[in-house]
Structure formats: C-alpha cells, structure tokens
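Topology and contacts: notes
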Amino acid sequence: MNRLDRLAALITAARQAGADSADALLVENASLSVQRRLGKLEHLERAEGLDIGLRVFIGLRQAIISSSDTDPAGFARLAEQAVAMARVVPADPFCGLLEPRAAPDATPLDLHDPSEPSAEALIERAAIAEEAALAVAGVTNSEGAEAGWSRLRIAMVTSAGFAGEYARTGHSISATALAGSGTAMERDYDYSSAVHLADLEDAGLIGRRAGEQAVSRLNPRRPATARLPVVYAPRVSGSLIGHLSSAINGASVARGTSFLKDSMGQRVLAAGLRVMDDATRPRGARSRPFDAEGTPCAPLTLVEDGVLMSWLLDGRSARQLKLASTGHASRGTGGPPSPSATNLWLAPGSATPAELIADIREGLYITEMIGMSVNAVTGDYSRGASGFMIRNGQLAEAVSEMTVAGKLQEMFLNMCPASDLIFKRGTDAPTLRVEGMTLAGA
C-alpha cells in the first residue's frame, strides 16, 4: 500500500469503530549526520523513522493516538483505542475538521533534492569547515564541525475528503571555533542549511567565518549601564520577529495571553515596515503546500506599513476568534494542531548596515543572545547579550556579560531595518536598529 492508501485504510477503521470523522497523518524521516573534531571523526549517525497518527472526533470530543507500527493489520485496534478515548474526554466546542479542499501540487515549491550524500562526502565537508576555522590566526581550538542531510515525507488524509503528501530535504554544515587560552577563551560559530545541496554555502567559508568571529570576540569588556541605540546583527535580529510571531499567534490571542491581543488594525511596528509569512516560497526552509489540517498554504501579509493585518490561525483558534484559518496549523503525529509561522520575514529597508549605524555616537551591536526572559502577556523584554560597542559610527571593542531590556511594544515602534535581508533561518530579518533600549552592564 502507498502512504495515502494506508492512511485511507486507517480512516476507514476509525469510522467503523464509531468515529464521526477523523484525520490521519504519516511522518517518515531519514537523516545522516557526522561530527569531526581536531581531525578525528567523533560521531556518525544514520536514523530512520516512520510514525502514524490518528485523530478521531465523536461529536465535540476528540482524541489522538500515534504509533510506529504502520501495518494495516493493527489499524482496527488502534482506531478502537482512539474512539474509546474520545468517548470519555471533555467536549471542545472549537475542535473539528475543516472543509475539504484539493491538495495543492508541491512541485513548484521544489522542496526535494533527490541526491543523497554518502557518509564520506559529509565527512569531507566537515573536514573542510574545521580546517578552515583552525587556519585562522588566533584560533587555538575547535568544538568541531558537523555536516548533515535529512529527508522528511508527510502524508495526510481526512474523512472529509482531503488527501495529500509532499517531501522535503535538508543539507547542513556548521563549525564552532575557539580563540585565546585559559579563562580568556572565546567561541563563535557559523552554519548554513538549505533544501538543495546546490544552495548550501561553501564549507570553507563557514569555517573561516566561525574562526574570524571567535578571534574578534577576544578580550571583551563589560560596558557601563546606559540607555542607547541597539543594533541587532542578522543572526539575532530574527528573534525580534519571532517575538512578534508569538504575540500574533491565534492560540495566544484567543486565550488573551498576548500583549497584542487587542491590536488588530493598529500600528504595531514603525511606519513603512512589512512582515510576511509565505509557506509557498520555492526552496524555503519551512515551505509546504498545505498545513497540518489540509488547508492550502498561501502568502500572508501580517503587518503592512506597520499596521497589524492578520493573526496566525489554525482551525481551532480561527473558530474561537470567529475567523477563517490562515493555513498555519502544525502538528506531530501525537498531538493536536496549533498555529505556527512558516517562512517568516521582515522586509528590508533602504539603508546599508554601515549607513544604519553611521550616526550612532555610542551604541551596542549585538551578535549573540543569551537566555530568555520575555513576558508574552506584558511585552517586558530582558535578555543577556554579547557583541561590540559602536563608537562614532564604527564597531569598536568586544563586550559581554550584559543585559538589554525594554518593552516589545516600544521596541517594535522604534525599529529600523537595513537592506541586508538573507533567507537563512526560516524566521529572518535584516540588521535592525532599535532606539532607546536599556543596557545593564557594569
């Protein structure tokens, strides 16, 4: 049986066991990864998995059961267990399947690279990255380099008539270098990931950047406490857009636990700023043709000219808010759907990073965030950070052991993007300047 036929058989078993409706999800994955440190192979792992999940509905009650046994001979027992659970759980007035739609064609998304690398190829890739890091003057040690490949296949069938499947591959390379000695050592890293091997950055470039960044962090100072402009480097600026994503998540809004719960149609970012979520971006890190409820994915403008235009919604949160799903349901085989972002990004501005900091007499340039203290209800923001001071429009000495704090509501309204947006992480933003933050240091 192919994947869709297998899931259809499970749905039939659920209906025969007494379910009013049901959906079934199959997740098949395979991965190969290697880790190399100081010229020696430390880890090589090949993993494969296959899981199946069944969600059944009896009236307004639902239950979910999952298994790694996908033999149809066991479907009747699996369905009976799920139905028995559904009969005793509390009713949920917002649960249920969505109206069926035809499964979109995944081909235009170009999410599957048919080439699977050998272990030898990954070892060589990791070796190139680590050797490039160790070759940087000032690098004294290595935490190693890793290279990996993965393939994920997802199939879904519902009793409402939806049936669809797609596959996504991934290639990755990373390196972590150490500079200095004794208690004065500093570390830094770099990485690249891509759906297709052809889009993966050069392993030598990854290693060299990791080494150079580690050396640049040597002899950091602890800055004085001050209120000043803070500039987030691209590898950490996406975290601010991630906080926005959490605040406009439909589940949080419906529960009333978001500081933006009453902000629809209001300005939440600085004028001119735009935030997009698009699961249909070709070769995107989180692209998919349909979500975990069978809703076809489409580009969605979340913020336009600084004004909040939409929540991120799955079926349940949409019903609570009397809206329609935006196609952002995500789930594993063992849990219910919940809303989450896909390829999320803040549109770039017109100024280069250099122009963005040129008029800063004294400020902070953050390259790494440490810990997490963000209150989703109030918007209070406080995180550990390290990076470099900005003095007279130029990056100056390395700094660490500090905290940056503010209110996300104010930070969002005082945010200015540079022009250097690169799609790399799934949630992406260019270099970001935020005015008037509090730096807690010495």
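Above this note sits the structure.
Residues numbered from 1 in each chain as written. Predicted model: local features only at pLDDT ≥ 70, side-chain atom pairs only at ≥ 80, totals over all residues. Heavy atoms only, no water.

Remarks on the sheet that holds strand 5 (residues 163–179)
Keep this limit in mind: Following DSSP output, two strands are said to pair if at least two bridges run between them. What counts as a helix is a DSSP run of H or I of at least four residues, what counts as a strand is a run of E of at least two, and both are numbered from the N terminus. As a rule, the C-alpha atoms of each element are fitted with a line to give its axis, helices using only the stretch in contact, and angles between N-to-C directions run from 0 to 180 degrees. Should any heavy atoms of two residues lie within 4.5 Å, those residues are considered in contact.
Spatially, 3-2-1-4-5-6 is the arrangement adopted by the six strands of the open sheet, whose pairing is antiparallel. With one partner strand each, in any of the chains shown, strand 3 (61–67) and strand 6 (186–194) form the two edges of the open sheet. If you compare each strand with its neighbour and ignore which way they point, the axes differ by 20° on average. Alignment of strand 2 (residues 40–58) against strand 3, held across seven bridges, turns out to be antiparallel. Residue pairing across strands places Ile 52 opposite Ser 67, the latter belonging to strand 3. Sheet contacts for helix 3 (residues 119–134): strand 1 (21–37), strand 2, strand 4 (139–158) and strand 5; angle to strand 4, the most-contacted strand, approximately 140°.

Quick word on the layout of surface pockets
Filter applied, for reference: A cavity, in this analysis, means grid points on a 1 Å lattice covering only the protein atoms where a 1.4 Å probe fits yet has no way out; a pocket is instead an open set bounded by protein on both sides within 12 Å along at least five of seven lines, and a residue lines either one if it has an atom within 4 Å of a point. Grid points are joined across faces, edges and corners, and a volume is the space filled by probe spheres set on the points. In the scheme used here, Gly and all other residues not listed as nonpolar or charged are polar, with Ala, Val, Leu, Ile, Met, Phe, Trp, Tyr, Cys and Pro taken as nonpolar and Asp, Glu, Lys and Arg as charged.
By volume, the largest pocket is sized at about 560 Å³. His 171, Ser 193, Ala 194, Val 195 and Ala 285 are, among the 33 residues lining the largest pocket, the residues nearest its centre. Elements represented by at least two residues in the lining of the largest pocket include exactly strand 1, strand 4, strand 5 and strand 6. The residue inventory of the lining of the largest pocket, partitioned by class, reads 10 nonpolar, 13 polar and 10 charged. A volume near 460 Å³ is recorded for the second largest pocket. In terms of lining residues, the second largest pocket is bounded by 22 residues, among which Gln 213, Ala 233, Pro 234, Arg 235 and Arg 425 are the most central. The set of elements that each furnish at least two residues to the lining of the second largest pocket consists of strand 6, helix 4 (203–216), helix 5 (234–247) and strand 14 (362–374). Counting residues per element, the lining of the second largest pocket draws most heavily on strand 6, at four residues. Taken together, the residues of the lining of the second largest pocket break down into nine nonpolar, three polar and 10 charged.

A word on the packing of helix 3 against helix 4
Under the convention used in this document: By convention the crossing between two helices is left-handed if the near helix lies anticlockwise of the far one by an angle smaller than a right angle, and right-handed if it lies clockwise.
In contact at an axis separation of 7 Å, helix 3 and helix 4 are set at 35° when each is read in the N-to-C sense. Seen from above, helix 3 lies across helix 4 with right-handed handedness. Each of Arg 125, Ile 128, Ala 129, Ala 132 and Ala 133 in helix 3 lies in contact with helix 4, whose residues at this interface are Ala 203, Gly 204, Gly 207, Arg 208 and Gly 211. Per-class residue counts for the contact of helix 3 with helix 4 are five nonpolar, three polar and two charged.

So, empty space enclosed by the protein
For the structure shown, the criterion picks out two cavities of 30 Å³ or more. Empty space within the largest cavity amounts to approximately 40 Å³. The wall of the largest cavity is formed by Ser 67, Asp 69, Asp 71, Gly 74, Arg 77 and Leu 78. Of the residues in the lining of the largest cavity, the class split is one nonpolar, two polar and three charged. Its boundaries defined by the atoms lining it, the second largest cavity holds a volume of some 30 Å³.

Structural notes on the packing of aromatic side chains
We count it as follows: Whether two aromatic rings pair depends on their centres lying within 6.5 Å, for rings of Phe, Tyr and Trp, where Trp uses its six-membered ring; planes under 30 degrees apart make the pair stacked, over 60 edge-to-face, and the rest tilted. Burial status follows relative accessibility: with a 1.4 Å probe on protein chains alone, a residue under 20% of its type maximum counts as buried, one over 50% as exposed, and anything between as partly exposed. Placement of a charge over a ring requires the Lys NZ or Arg CZ to be within 6 Å of the ring centre, with the centre-to-atom vector within 35 degrees of the ring normal.
By the definition in use, this model includes four aromatic pairs. With 5.0 Å between their ring centres and 70° between their planes, Phe 162 and Phe 290 make a pair best called edge-to-face. In this pair, Phe 162 is assigned in the loop between strand 4 and strand 5 and Phe 290 in the loop between strand 8 (275–277) and strand 9 (300–304), connecting sequence segments 128 residues apart. For the residue pair Phe 162 and Phe 290, the accessibility class agrees, reading buried in each case. Taken together, a centroid distance of 5.0 Å and an interplanar angle of 85° make the contact between Trp 345 and Phe 423 edge-to-face. One end of the pair, Trp 345, is in strand 13 (residues 344–346); the other, Phe 423, is in the loop between strand 17 (415–417) and strand 18 (427–428), and 78 residues separate them in sequence. Look at Trp 345 and you get buried, because its relative accessible area is 13%. Judged by relative accessible area, Phe 423 falls into the partly exposed class, the value being 38%. For Arg 235, the ring lying beneath its charged end belongs to Tyr 189, and the centroid distance is 4.4 Å. When the ring centre of Phe 423 is taken as origin, the NZ or CZ atom of Arg 281, which lies over that ring, is 4.0 Å away.

A few points about the environment of Glu 410
The topology assignment puts Glu 410 in helix 9 (residues 408–413). Along the sequence, Glu 410 and Gly 436 sit 26 residues apart, while their C-alpha atoms lie 9.0 Å from each other.

A short note on the packing of helix 1 (residues 3–16) against helix 2 (residues 75–86)
The relative placement of two packed helices comes down to the angle between their axes together with the axis-to-axis distance. Formally: An angle below 35 degrees is treated as roughly parallel, one above 145 as roughly antiparallel, one from 65 to 115 as roughly perpendicular, and anything else as oblique.
Two elements in contact, helix 1 and helix 2, have axes separated by 8 Å at closest approach and are oriented at 50°. Our classification of the angle between helix 1 and helix 2 gives oblique. Between helix 1 and helix 2 the crossing geometry is right-handed. On helix 2, the residues that touch Arg 6, Ala 9, Leu 10, Ala 13 and Ala 14 of helix 1 are Phe 75, Ala 76, Leu 78, Ala 79 and Val 83. Here the residues of the contact of helix 1 with helix 2 are counted per class, giving nine nonpolar, no polar and one charged.

Details of the sheet that holds strand 8
Pairing is mixed across the open sheet formed by five strands, whose spatial order is 10-9-8-13-18. With one partner strand each, in any of the chains shown, strand 10 (307–308) and strand 18 form the two edges of the open sheet.

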